[in-house]
Amino acid sequence: MIEATGLRKSFRVGRGRGAGTVEAVRGVDFAVRRGEIVGFLGPNGAGKSTTLRMLATLLRPSGGAATIAGVDLLRSPAQVRHRIGFVAQASGTYDDSTARRDLILQARMHGRSKGVAQELAAAAIRAFQLDDFADRRIRTYSGGQRRRLDVALGVIHSPQVMFLDEPTAGLDPPSRARMWQEVRRLREDGMTIFLTTHYLDEADSLCDRVSIIDAGRIVAEGTPSALKREISGDVVAIDFAAADLADPAGGGLPAATKVLAEAPYVRGSEPVDGALRLYVDSAATAIPQIMRALYDRGIEPGAIETRRPSLDDVFLAKTGRSLEE
Amino acid sequence: MRVVRDTWLIFQQEAGLMVRNPVMVAFSLAQPITYLVLFAPFLKVVMVDRGASTYADAYRIYVPGLFVAMGLFGGLFAGYGLLSALRAGIIERCRVTPVSRTALLLGRALMHVCLNVVQAVVITLVALPFGLRVHLANLLVSYALLAVMVLLSTSISYDIALLVRNENSLGVLVNTVGQPISLLAGVLIPLVLAPMWIQRAALWNPFAWATDGMRALFAGQILQTVVWQGALIMTGLAAASLFWSSHLFNREVS
Ligand SMILES: Nc1ncnc2c1ncn2[C@@H]1O[C@H](COP(=O)(O)OP(=O)(O)OP(=O)(O)O)[C@@H](O)[C@H]1O
Ligand SMILES: [Mg+2]
């Protein structure tokens with residue numbers, strides 16, 4: 001349904017001597033099949049929104065090509081607009097309007113007659129449970145209510161392809177869970193969904209496939225489970241934050257990094273946020289060895305935690321940085 | 001035609017939102033009414049040698065000037081609305097739909113036109129008890145001239161807003177541009193009282209032509225050449241400026 005090859009975008013910024021270019025997206029390739037939920041996972045500034053805005057006809061790509069629902073993005077943007085829905089990262093509603101008014105306007109902008117638009121708005125209000133506040137001024141809505149309205153606006157014309165830019169950013173856990181339900185329901189209605197997120201759990205549980213993007217490039221791509229399988233073994237995280245706070249001269253983290261990075265049973269290590277993350281074949285056999293090595297050097301570890309690899313570990317392995325920082 | 005339908009759609013939406021804020025609309029009338037009540041009497045004194053011997057004369061000279069001032073500044077501040085819609089992502093949401101791009105600008109501009117004409121009607125009604133008398137046909141033509149003028153000032157404001165993309169710069173520029181234009185159009189005190197060099201400079205001010213046309217209409221001289229000259233200048237400039245706004249509005253978008 002979506003096919004992008006070598007999609008690029010650079011922005012010119014500044015004037016005069018301070019002028020330069022920002023390479024926001026440096027050539028991304030990906031394909032999304034009909035009925036899939038595919039996610040772009042990446043940190044702030046990775047180029048997620050820029051990619052989405054190019055696909056949604058809001059930005060002219062600096063290079064590359066894409067087809068959406070069989071239509072060429074560059075040659076027939078107007079045709080693309082008939083087939084897609086888009087929910088921006090920041091909502092685009094009038095503070096003084098109401099959900100119902102904006103929904104009707106949206107349907108009418110898609111060419112529906114007044115009567116049909118009213119019916120579509122009523123149906124969307126029911127489907128997205130906006131009944132309690134549909135006729136109230138939008139400025140009085142909570143963040144979650146606003147976000148549900150944003151998505152309802154984006155899908156009012158039942159597009160074939162739906163773009164969602166961080167649909168759950170800033171929502172509390174119950175609202176996020178609810179939004180995930182909505183997104184899955186849209187897929188059941190036959191939509192193909194392409195979304196961006198910087199939440200690991202969202203990419204993990206909502207998306208059929210994930211592209212990890214960093215600094216304008218896709219660094220890994222696959223199903224969440226396949227991506228995690230690439231990082232075989234277990235993760236052992238040793239927290240030094242508390243110990244180092246109590247005794248700043250102790251320097252537990254750097255000392256432990258020096259000792260353990262070279263150990264034969266450790267395949268890889270990264271310090272993340274006051275903790276040391278170790279990649280090992282098996283946590284059960286590695287932990288006793290780790291403990292012994294630390295005690296021999298007189299290093300006092302804080303909490304030790306073991307877990308299966310997450311998408312963050314994938315990101316860390318590919319970029320040397322953590323998404324969770 | 002898609003453009004016509006979509007322009008009407010955006011116009012309805014914008015006008016609907018304006019009507020939901022009646023207090024704002026009422027407040028925007030406070031200033032012109034103050035001028036009408038407190039300034040026009042001064043004019044009668046100043047213009048007494050130029051044939052303004054009664055209040056009716058003073059208002060016949062002042063009301064058209066007030067129309068121009070309202071049309072000029074009402075339109076010049078329209079860019080704020082566009083910038084806030086851009087910032088709020090409303091324009092972006094519309095642009096993802098197949099809605100006509102021209103309509104997104106034109107519908108908004110026409111809302112300002114409509115608002116200003118309604119305000120002009122209110123001003124006319126308020127001025128009647130003070131002695132204003134004007135022929136209905138001439139009055140209607142003056143509303144039409146005002147409409148074109150507002151379309152011009154609104155699109156100038158859109159041009160500036162789309163170039164600077166920032167409310168503060170827009171405010172500064174609009175005031176810098178608006179002040180000399182309104183003074184050089186003689187909206188407060190007619191240019192006949194001005195020194196010669198100002199009258200010459202005013203020949204280059206399109207809004208001065210429109211003001212003269214407007215005053216001719218109120219004086220019952222619909223056949224004076226300045227009426228159609230003013231209308232023609234306003235129409236031509238409005239078309240050019242709108243064309244440019246829509247060019248600026250559509251660049252950087254596929
Ligand atoms: N209009 C613009 N002009 C200049 N630079 C821009 C523009 N839009 C985006 N950028 C730059 O492009 C890069 C990618 O931005 P983008 O918004 O796509 O990131 P993102 O992945 O969506 O991040 P976030 O998670 O914060 O939303 C950033 O470095 C940003 O500063
Ligand atoms: Mg973004």
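All chains use their own residue numbering, which begins from 1 and follows the written sequence. Chain A is the first chain written and ligand 1 is the first ligand written, with later ones labelled in order. Per-residue local features are limited, in this predicted model, to residues with pLDDT of at least 70; the limit for side-chain atom pairs, both in listing and counting, is 80 or more; totals at the level of whole chains, interfaces and linings are taken over all residues. Excluded from the side-chain calculation are hydrogens and water; included are all heavy atoms of the structure.

A.B. asks: Explanation requested: the overall build of chain A in the structure shown.
C.D. replies: Helix numbering and strand numbering both begin at the N terminus, where a helix is a DSSP run of H or I of at least 4 residues and a strand a DSSP run of E of at least 2. Helix and strand counts for chain A stand at twelve helices and 14 strands. For chain A, the C-alpha atoms occupy an extent of roughly 80 × 45 × 40 Å along the three principal directions. A total of 325 residues make up chain A; the buried ones form 50% of that total. Per-residue and other accessible areas follow the Shrake-Rupley method at a 1.4 Å probe size, with only the shown protein chains counted as cover for residues. Put simply, chain A shows about 14400 Å² of open surface, and 48% of that area lies on carbon and sulfur atoms. Residues scored as positive are Lys and Arg, those scored as negative are Asp and Glu, and His as well as the terminal groups of each chain are ignored. By convention, the charge on Lys lies at NZ, on Arg at CZ, on Asp at CG and on Glu at CD. Computed over 44 positive and 41 negative side-chain charges, the inter-centroid distance for chain A is 9 Å. Here the term buried applies to any residue with accessible area under 20% of the maximum for its type, exposed to any over 50%, and partly exposed to those in between, with areas from a 1.4 Å probe on protein chains only.

A.B. asks: What should I look at first to understand the coordination of the magnesium ion (ligand 2) in this one?
C.D. replies: By definition of the ideal shapes, four donors in a tetrahedron about a metal sit 109.5 degrees apart, and six donors in an octahedron sit 90 or 180 degrees apart. In this description, a donor is an N, O or S atom within 2.8 Å of the metal centre, a cutoff extended to 3.2 Å for sodium, potassium and calcium. Water is not part of the atom list, which can make sites seem incomplete. The protein atoms donating to the magnesium ion (ligand 2) are Ser49 of chain A (OG) and Gln89 of chain A (OE1), with metal-donor distances spanning 1.9 to 2.1 Å. With a gap of 40 residues between them, Ser49 of chain A in helix α1 (residues 48-55) and Gln89 of chain A in the loop between β6 (84-87) and α3 (99-109) connect regions that are remote in the sequence.

A.B. asks: Explain the interface of chain A and chain B to me, please; I cannot follow it from the model alone.
C.D. replies: When the parts of a complex come together, some accessible area is lost, and that lost area is often used as the size of the interface. In this analysis, two residues are considered to be in contact whenever any of their non-hydrogen atoms come within 4.5 Å of each other. At the junction of the two partners, chain A supplies 31 residues and chain B supplies 27 residues. Here the quantity called buried area is the accessible surface, traced with a 1.4 Å probe, that two parts lose on coming together, added over both. Summed over both partners, the interface of chain A with chain B comes to about 2800 Å²; 50% of that surface belongs to carbon and sulfur atoms. Looking at the side of chain A facing chain B, the largest losses of area belong to Arg81, Tyr94 and Met109 of chain A, adding up to 25% of the total buried there. Throughout this description, the term salt bridge denotes a Lys or Arg side-chain nitrogen within 4 Å of a carboxyl oxygen of Asp or Glu. At the junction of chain A with chain B, the criterion picks out two salt bridges. Residue Glu92 of chain B pairs with Arg53 of chain A through a salt bridge whose shortest N-O separation is 2.5 Å. Whenever a nitrogen or oxygen atom comes within 3.5 Å of another N or O atom, the pair is scored as a polar contact, on the condition that within protein one atom can donate a hydrogen and the other can accept it, and that pairs from neighbouring residues in sequence are kept only if both atoms are in side chains. For the pair chain A and chain B, the interface holds 15 residue pairs in polar contact (both at pLDDT 80 or more). Mapped onto the side of chain A that touches chain B, the elements with two or more residues apiece are α2 (77-83), β6 and α3 of chain A. Take the side of chain A that touches chain B: its biggest share by element is six residues, from α3 of chain A. A breakdown of the residues in the side of chain A that touches chain B according to their chemical character gives ten nonpolar, ten polar and eleven charged. The residue classification treats Ala, Val, Leu, Ile, Met, Phe, Trp, Tyr, Cys and Pro as nonpolar and Asp, Glu, Lys and Arg as charged. All others, Gly included, are polar.

A.B. asks: Where do I start with the domain arrangement of chain A in this structure?
C.D. replies: Residue ranges assigned to each domain were obtained from an automatic or database domain assignment. The domain architecture assigned to chain A consists of domain 1 (2-228) and domain 2 (232-308). Placing a centre on the C-alpha atoms of domain 1 of chain A and another on those of domain 2 of chain A gives a separation of 40 Å.

A.B. asks: Is there a simple way to think about the side chain of Arg108 of chain B in this case?
C.D. replies: Its location among the elements puts Arg108 of chain B in helix α7 (residues 101-127). A polar contact is formed between the side chain of Arg108 of chain B and the side chain of Glu14 of chain B, at a distance of 3.2 Å.

A.B. asks: Would you take a moment to explain the sheet that holds strand β11 (residues 234-239) of chain A for this structure?
C.D. replies: Residues and elements named next belong to chain A. Taken in spatial order, the four strands make up an open sheet running β12-β13-β11-β14, and their pairing is antiparallel. What marks the edges here is a single partner per strand, and that holds for β12 (266-272) and β14 (304-307). Each strand of the sheet is rotated relative to its neighbour by a mean of 20 degrees, with strand direction disregarded. Between any two strands, at least two bridges found by DSSP are needed for them to pair. Bridge analysis of β11 against β14 gives four bridges, and the strand direction is antiparallel. For Ala237, the partnering residue across the bridge sits in β14 and is Glu305. Angles shown run from 0 to 180 degrees and are taken between the N-to-C directions of axes, each axis being a line fitted to C-alpha atoms and, for helices, limited to the stretch in contact.

A.B. asks: What's the story with the pattern of salt bridges in this structure? I'm lost.
C.D. replies: Between side chains of opposite charge, pairing is possible as soon as their charged atoms come close. Counted according to the given criterion, the structure contains 24 salt bridges over all chains. For Arg93 of chain B, the salt bridge goes to Asp102 of chain A, with nearest N and O atoms at 3.0 Å. Taken together, the residues Arg93 of chain B in helix α6 (residues 90-95) and Asp102 of chain A in helix α3 connect one chain to another. We note that Arg93 of chain B, like Asp102 of chain A, is buried. Each of Asp95, Asp96, Arg137, Arg139 and Arg146 of chain A takes part in a single network of salt bridges with overlapping partners.

A.B. asks: I would appreciate a short explanation of the nonpolar core in the present structure.
C.D. replies: Generally speaking, a soluble globular protein has its nonpolar side chains buried in company with each other. For our purposes a nonpolar core is just a set of buried Ala, Val, Leu, Ile, Met, Phe, Trp, Tyr and Cys residues, chained together by side-chain atoms within 4.5 Å. Residues Leu36, Val63, Phe67 and Phe207 of chain B are the most contacted members of the largest nonpolar core, which totals 76 residues. In terms of residues, this core owes the most to one element, helix α8 (residues 136-164) of chain B, which gives 13 residues. Apart from the residues lying within four places of it in its own chain, the contact partners of Val63 of chain B are Leu36, Ala127, Leu132 and Phe218 of chain B. The next biggest cluster of nonpolar side chains, apart from the first, holds 50 residues, and it includes Tyr141, Cys207, Tyr279 and Val314 of chain A.

A.B. asks: So what exactly am I meant to see when it comes to the packing of aromatic side chains here?
C.D. replies: The geometry of two aromatic rings is summed up by the distance between their centres and the angle between their planes. Any Phe, Tyr or Trp ring, taking Trp's six-membered ring, that has another such ring centre within 6.5 Å forms a pair; planes under 30 degrees apart are called stacked, those over 60 apart edge-to-face, and the others tilted. Counting across every chain of the model gives 13 aromatic pairs over all chains. Summarising the aromatic geometry, the rings of Phe77 of chain B and Tyr80 of chain B are spaced 5.9 Å apart at their centres and angled 10 degrees between planes, so their arrangement reads as stacked. What makes Tyr80 of chain B partly exposed here is its relative accessible area of 29%. Three or more aromatic residues link up through ring pairs in this structure, and these residues are Phe30, Phe40, Phe163 and Phe194 of chain A. By the criterion adopted, a ring carries a charge over it if an Arg CZ or a Lys NZ lies within 6 Å of its centre and within 35 degrees of its normal. The cationic tip of Arg176 of chain A hangs over the ring face of Tyr199 of chain A; the distance from NZ or CZ to the ring centre is 3.9 Å.

A.B. asks: Got a minute to help me understand the sheet that holds strand β2 (residues 20-32) of chain A in this structure?
C.D. replies: What links the strands of a sheet is backbone hydrogen bonding, and the strands pair in either a parallel or an antiparallel sense. Residue and element names in this part refer to chain A. Taking strand neighbours across the sheet as the criterion, the four strands line up as β2-β1-β4-β5 in an open arrangement whose pairing is antiparallel. At either end of the open sheet lies a strand with only one pairing partner, and these are β2 and β5 (71-72). Bridge analysis of strand β1 (residues 2-13) against strand β4 (residues 63-68) gives five bridges, and the strand direction is antiparallel. Bridge pairing links Glu3 to Thr67 in β4.

A.B. asks: What is the right way to look at the confidence of the model for chain B in this model?
C.D. replies: Detailed reading of predicted coordinates is not advised where the pLDDT is low. Residue and element names in this part refer to chain B. Note on scores: pLDDT gives the predictor's confidence for each residue, bounded by 0 and 100. Of the residues in chain B, 99% have a pLDDT of 70 or more, and the chain-wide mean is 90. Mean pLDDT in chain B bottoms out at helix α3 (residues 40-46), which sits at 80, and peaks at α8, which reaches 95. The complex model carries a pTM of 0.85, and its ipTM stands at 0.87.

A.B. asks: Before we go on, may I ask you to explain the site of ligand 1 in this structure?
C.D. replies: All names here are of chain A. Surveying the vicinity of ligand 1 reveals 15 residues, the closest of which are Asn44, Gly45, Lys48, Ser49 and Thr50. Within the contact set of ligand 1, an oxygen atom lies 2.8 Å away from a backbone nitrogen or oxygen of Gly45. Gln89 is positioned such that a nitrogen or oxygen atom in its side chain is 2.9 Å from an oxygen atom of ligand 1. In isolation ligand 1 has 640 Å² of accessible area, and contact with the protein removes 65% of it. Put simply, the parts of the chain that give the shell around ligand 1 at least two residues each are β1, β2 and α1. Top contributing element to the shell around ligand 1 by residue count: α1, with three residues. The nearness test applies per residue and asks whether one of its heavy atoms lies within 4 Å of the molecule or strand.

A.B. asks: Honestly, a nonpolar patch on the surface in this entry has me stumped. Any pointers?
C.D. replies: Only residues above 30% relative accessible area that lack a salt bridge enter a patch, with like-charged residues linked at up to 9 Å and the nonpolar side chains Val, Leu, Ile, Met, Phe, Trp and Tyr linked at up to 5 Å. Taken together, the side chains of Val45, Val46, Ile189, Val192 and Leu193 of chain B present a nonpolar region at the surface, about 400 Å² in accessible area. Taking the relative accessible area as the measure of exposure, Val46 of chain B reaches 41% and is therefore partly exposed.

A.B. asks: For this particular structure, what's the right way to read helix α11 (residues 206-218) of chain B?
C.D. replies: Structural remark: α-helix, 3.6 residues per turn; residues separated by three or four positions point the same way. Residue and element names in this part refer to chain B. When the terminal C-alpha atoms of α11 are compared, their 19 Å separation across 13 residues agrees well with the 18 Å that a helix rising 1.5 Å per residue should span. Of all 13 residues making up α11, ten are buried, and the element is well covered by its neighbours. Taken as a whole, α11 has its buried residues at Phe207, Ala208, Ala210, Thr211, Gly213, Met214, Arg215, Ala216, Leu217 and Phe218. Tucked into the core, α11 has its buried residues touching α4 (55-76), α8, α9 (167-183), α10 (196-202) and α12 (225-250). Capping the start of α11 is the job of one residue whose side-chain oxygen sits 3.0 Å from the backbone nitrogen of Phe207: Asn205. In the segment just after α11, Gly220 is the residue with positive phi, at about 80 degrees. For a helix, the expected span equals 1.5 Å multiplied by the number of residues minus one.

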